[in-house]
Amino acid sequence: MYEFNDYRSVEQPIPFSERVEAIRQNILPRLRKRNQREGTHIEPIDSGNRNPMADAFEEMPDAPYVIALAHGIVRTWLDTPCLIYPHEAVVAITRPVYPIMEHFSFGIEFEDWVYDQKGYSNSERERVNKLRERMTPMDFWHMDNAGKERYGAEHYRKITNEGMFWAGGYQGHTIPNYVTLLENGLDGMLEKIDFWEKHNAEDQATRDFYEANRIIVRGMSAHLEKYAAFAAELAENETDEKQKLYYQQIAENCAYVAHNKPKTLYNAVQLMWILSLWDWVDCLGRVDQYLYPFYEYSCKNGDVIPVEDSIASIIFKIWEGGAHNVTLSGCKPIDGSDATNDLSFLILQVLRNIHDTHPRICVRIREDARADLLDLIVKIWSEGMSDPSIISDTNVIPGLQRIRIPIQDARDYATLGCQEVEIPGKSNTGCEDGSFNVAKVFEIAMRGGKSTRDPEYQLGPVTKTFMECETFEEFYDSYKTQLEYFTEIHTFLCSRGQEIRAANHAKLVKGVFTDGVLETGKNHDDGGPIYGHGVIETAGIAATADSLTAIKKLVFEEGKISKETLLAAMAANFKGYEKERQMLLNAAPKFGNDDDYADEMAVRVLNDYWDEIAKYKSVRGGVYTGACSLLTGGIGYGESMSAMPDGRYAGEPLGNTMGPRPGADHNGVTAMLNSVAKLPLHKGVGGTTLNVIFTTKMLATPEQRKNIAAVVKNYMATGGQMAQITTANVEDLKDAKEHPERHGNLIVRVGGYSIQFVQLDGRTQDEIISRYAAG
């Protein structure tokens, strides 16, 4: 076993054991691209023209939906053949893509493309069509119909075609309570179900719900038993003594955790992996915390395999499976003391050795963050990695308390999805309920509430146009009136999206392992979890703030450009108005340069929007909170925008995180971080990512890395919330666009996730390169 000091090694990565290295070498040839892994469409085996979900519903025509759904989920796993790769210690594979599968973001989904691609018969397609209505208690038309009824069909259509928001589109990511699973085991979970059913089951629907939970848990046990039998059979027929031993270890381990609480680390990681698999390899929470008691036990009492091999094995599984998030370090819930432990370092070392876009890891940073932890993080960045990301306990914990989450639970937060935040095992925060482009509201306000797509149509309240306003504050009042109007519409629709998930029991698997669900008898999307606040991803903050700053300074205060000229220039997309465009770009300060004039406008814009959404509650019960992790959403929203007073052309990207618009920061990374730290990010406890560029050239020496560690620690302590790092040099990015074959392992961050640069489309590559424009 390695010494703890070795786990903290900065100079050289810790080598894998012979077995673990063999596992890694086997994974590499079959490793899929990022998007396939994150969609859990890994396809280790073919579907064989099976359709287990349809079989279950067809064989149970009179069963309640939730019962048939539970049986269908179990069948999709048990009908999938077992596969154990050579050398591996933790086993079980993802399912093939069947024509019908459940998913936590909607319920039952129909993968119609599978029929043609995999050669299913027409009669199978016809069989499924007869089952569709029964398998979809509520579809997306529910949200549309509610919107049409509330706002009028024509008005609703105009609003939703404006490119202003996305409502109720995902609402999926949550973190199950792995602590509950590991402390109780699967048989213990059955006892919990029995206990709470006796207290809550006053009607048949509730009894059916508890029975569906039993079916899921029994199915997980059966899945482990199936692997135990399969491994035992392989062991019996194996001639290589070492591999024979591996199969025997797997058989014993799977058979044990199928019904017993785990004791050893090897027990724990196998049981943890089964839940992760059934949860679509989604988000795993504070892995170093809940595995640590098992690590201590195995270190003291011994284990079937070395503890390092157990940790590497589970990290390899979530690497190959495309897990969305793992959280490390932070503080202990009970007293707030430092929670960094051996596993925090060991998992980072495994990540370092893998050197890929997964596993996606976020490290919680305290004000008194350990120097050795920061040293290892920055060293990993210097080697070309974009993970781990970092998140501030100083910012997030008070922000969670602000929305009435008790201190001990707030201290236990974790990241999930594409860097959102929740209390693991106790929450459904919508993740994400929707996204909203405040820059589009600005455009509409310029027109006095008229549509940007249909200039004669009154889309929002009648307010003074930009031309009619005599002062900046008068115009800002118009903007705020439009913001209030469209925010109400958006939050209303987001809650209707949540109702769809509730009707479809979208998170049946997650719910078994989420506090509040069994205790209340309410499903995961219907108010069961303890915490149910909402999350709205926020787009266009910097573009809106910079545009407001420009018109305030250059139009209303200094009179350097008239309203008429500004509107004409924007209408022409600045063709023939290059002088005015350069004035807008350079004479008005921009957010991201540590300029209080510009930064105060960004603070005002963000405060107004996040205070406005906080006036509304999700149908789950909690208030809506701000967030910003837009993936490539800022590019898409930008494509719907006309030219703006910040000097940007029509269609340019808005930016995908809380930072300045790409290329607008000219005073270096410290100034940019200072600007972002001024924002009210404590109100954005949905999770607010920030793209930060620390190139490998900036991280080349120990002294440079020490300086960067001090910079990020200061940002985390003075108002910053998150930072996600891109370390690629701009010269390499430009060359990779021209010669992708030379740069297969060049990793970048895209508004919430890491990816090889050469796997991105051209517009996203251009957006990333534009971030370097200031440097």
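The rules behind each value
Residues numbered from 1 in each chain as written. Predicted model: local features only at pLDDT ≥ 70, side-chain atom pairs only at ≥ 80, totals over all residues. Heavy atoms only, no water. Buried < 20%, exposed > 50% of the residue type's maximum accessible area, 1.4 Å probe, protein only. Helix = DSSP H or I, 4+ residues; strand = E, 2+ residues; numbered from the N terminus. Pairing = 2+ DSSP bridges. Right-handed = clockwise from strand over helix to strand, strands pointing away. Salt bridge = Lys/Arg side-chain N within 4 Å of Asp/Glu carboxyl O. Expected span 1.5 Å × (residues − 1). Polar contact = N/O pair within 3.5 Å; in protein donor to acceptor, adjacent residues only side chain to side chain. Axes fitted to C-alpha atoms, helices over the stretch in contact; angles between N-to-C directions. Parallel < 35°, antiparallel > 145°, perpendicular 65-115°, else oblique. Left-handed = near helix turned anticlockwise from the far one by under 90°. Contact = heavy atoms within 4.5 Å. Nonpolar A, V, L, I, M, F, W, Y, C, P; charged D, E, K, R; others polar. Phe/Tyr/Trp six-rings, centres within 6.5 Å; stacked < 30°, edge-to-face > 60°. Lys NZ or Arg CZ within 6 Å of the ring centre and 35° of its normal. Disulfide = S-S within 2.5 Å.

Colleague: I tried to follow the pairing of strand S7 (residues 389-392) on my own but got confused; where do I start?
Modeller: Two faces belong to every sheet, and in a regular strand the side chains alternate between them. Burial along S7 is two-sided: the face carrying Ser-389 and Ile-391 and the face carrying Ile-390 and Ser-392 are both buried. Examined bridge by bridge, strand S6 (residues 361-365) and S7 share four bridges and lie parallel to one another. Bridging from a neighbouring strand, Arg-364 pairs with Ile-391 of S7. Traced from S6 through helix H18 (residues 371-382) to S7, the parallel crossover comes out right-handed. Here S7 pairs with strand S14 (residues 722-726) via two bridges, running antiparallel. Note that in S14 the partner of Ile-390 across the bridge is Ala-723.

Colleague: I keep staring at the pattern of salt bridges and nothing clicks. Help me out?
Modeller: Pairs can form between side chains of opposite charge once their charged atoms are near each other. Tallied over the entire structure, the rule returns 49 salt bridges. Across the pair Lys-242 and Glu-18 runs a salt bridge whose closest N-O atoms are separated by 3.9 Å. Taken together, the residues Lys-242 in helix H12 (residues 241-257) and Glu-18 in helix H2 (residues 18-30) connect sequence positions 224 residues apart. In the salt-bridge network here, residues are joined through shared partners; they are Asp-55, Glu-58, Glu-59, Arg-75, Asp-79, Glu-124 and Arg-127.

Colleague: It is not clear to me how helix H28 (residues 596-613) should be interpreted in this structure. Could you clarify?
Modeller: Residues separated by three or four positions in an α-helix point in the same direction, a consequence of the helix having 3.6 residues per turn. With 18 residues, H28 should reach 26 Å at 1.5 Å per residue; the first-to-last C-alpha distance of 25 Å fits that figure. The backbone nitrogen of Tyr-597 has a side-chain oxygen 2.9 Å away, supplied by the residue at the start of H28, namely Asp-595.

Colleague: Explanation requested: the pairing of S14 in the structure shown.
Modeller: Extensive coverage of S14 is indicated by the burial of five of its five residues. The two faces of S14 match: Met-722, Gln-724 and Thr-726 on one face and Ala-723 and Ile-725 on the other face are all buried. Regarding the hand of the β-α-β motif, the stretch spanning strand S13 (residues 691-693), helix H31 (residues 702-717) and S14 is right-handed.

Colleague: Any chance you could explain the packing of helix H8 (residues 141-151) against helix H9 (residues 153-160) here in plain terms?
Modeller: Direction vectors running N to C along H8 and H9 enclose 120 degrees, while the axes themselves pass 7 Å from each other. Compared by their axis directions, H8 and H9 come out oblique. With respect to the hand of their crossing, H8 and H9 are arranged in right-handed fashion. Where H8 approaches H9, its residues Met-143, Asp-144, Gly-147, Lys-148 and Tyr-151 are matched on the opposing element by Ala-153, His-155 and Tyr-156. Looking at side-chain class alone, the contact of H8 with H9 contains four nonpolar, two polar and two charged residues.

Colleague: How do you make sense of the sheet that holds strand S12 (residues 624-627) when you look at a structure like this?
Modeller: Strands pair in a sheet through their backbones, by hydrogen bonds, and they do so in one of two ways: parallel or antiparallel. Taken in spatial order, the four strands line up as S3-S10-S11-S12 in an open sheet, and their pairing is mixed. The outermost strands of the open sheet, each flanked by one partner alone, are strand S3 (165-167) and S12. The mean inter-strand angle of the sheet, taken between neighbouring strand axes irrespective of direction, is 30 degrees. Pairing of S3 with strand S10 (residues 434-437) involves three bridges; the strand directions are antiparallel. Within S10, the position partnered with Ala-167 by the bridge is Gly-434.

Colleague: Sorry if this is basic, but what is going on with the sheet that holds S13 here?
Modeller: Spatially, S4-S5-S6-S7-S14-S13 is the arrangement adopted by the six strands of the open sheet, whose pairing is mixed. At either end of the open sheet lies a strand with only one pairing partner, and these are strand S4 (283-286) and S13. Going from strand to strand, the sheet's axes swing by 25 degrees on average, the running direction of each strand aside. As paired strands, strand S5 (residues 325-329) and S6 are joined by four bridges and run parallel to one another.

Colleague: How should I be thinking about the packing of aromatic side chains in this particular structure?
Modeller: Applying the stated criterion to the full structure yields 23 aromatic pairs. Aromatic side chains Phe-436 and Tyr-609 sit 5.0 Å apart centroid to centroid with 15 degrees between the ring planes, which places their arrangement in the stacked category. Of this pair, Phe-436 sits in strand S10 while Tyr-609 sits in helix H28; the two residues are 173 residues apart in sequence, bridging distant segments of the chain. Here Phe-436 matches Tyr-609 in class, with each residue buried. One aromatic cluster is present, formed by Phe-442, Phe-466, Phe-472, Phe-475, Tyr-476, Tyr-479 and Phe-556 through successive ring pairs. In this arrangement the basic side chain of Arg-30 is found over the ring face of Tyr-85, its NZ or CZ atom lying 3.4 Å from the centre. Lying over the aromatic face of Tyr-476, Arg-604 brings its terminal NZ or CZ to 3.8 Å of the ring centre.

Colleague: Even after reading the chapter, I still don't get H18, so can you show me in this structure?
Modeller: Over its 12 residues, H18 runs 16 Å from end to end, which matches the ideal 16 Å to within 8%, given 1.5 Å per residue. Of all 12 residues in H18, 10 are buried, a share of seventy percent or more. Buried residues of H18: Asp-372, Leu-373, Leu-374, Leu-376, Ile-377, Val-378, Lys-379, Ile-380, Trp-381 and Ser-382, and no others. Looking one or two residues beyond H18, the residue adopting positive phi is Gly-384, at roughly 100 degrees.

Colleague: What exactly am I supposed to notice about the state of the cysteines here?
Modeller: A covalent bond between the sulfur atoms of two cysteines is referred to as a disulfide. Tallied over the full model, the rule gives zero disulfides. The thiol sulfur of Cys-82 is not disulfide-bonded, and the nearest other cysteine sulfur, from Cys-254, lies at 8.8 Å. For Cys-283, which is in no disulfide, the shortest distance to another cysteine sulfur is to Cys-431 and amounts to 6.7 Å. The exposure class assigned to Cys-283 is buried, which follows from its relative accessible area of 0%.

Colleague: Help me understand unusual backbone geometry, please; the structure alone is not making it clear to me.
Modeller: If a residue is not glycine, its phi is most likely negative; likewise, a peptide bond is most likely trans. Between His-358 and Pro-359 the backbone carries a cis peptide bond, its omega angle lying at 0 degrees. With omega at 0 degrees, the peptide bond leading from Asp-387 into Pro-388 counts as cis. Mapped onto the elements of the fold, Pro-388 is located in the loop between H18 and S7. The phi dihedral of Ala-92 is positive, around 110 degrees, even though this residue is not glycine. With respect to the helices and strands, Ala-92 occurs in the loop between helix H5 (65-78) and strand S1 (100-103). Using a relative accessible area of 1% as the deciding quantity, one classes Ala-92 as buried.

Colleague: What's the story with the packing of helix H21 (residues 438-446) against helix H22 (residues 472-503) in this structure? I'm lost.
Modeller: Axis angle and axis distance: for two packed helices, these are the angle between their axes and the distance between the axes, and together they describe the pair. Between H21 and H22, whose axes approach to 9 Å, the crossing angle comes to 125 degrees. The angle between H21 and H22 places the two elements in the oblique class. Here the hand of the crossing between H21 and H22 comes out right-handed. Within the contact between the two elements, H21 uses Val-438, Val-441, Phe-442, Ile-444, Ala-445 and Met-446 and H22 uses Phe-475, Ser-478, Tyr-479, Gln-482, Leu-483 and Phe-486. Its residues assigned to classes, the contact of H21 with H22 comprises 10 nonpolar, two polar and no charged.

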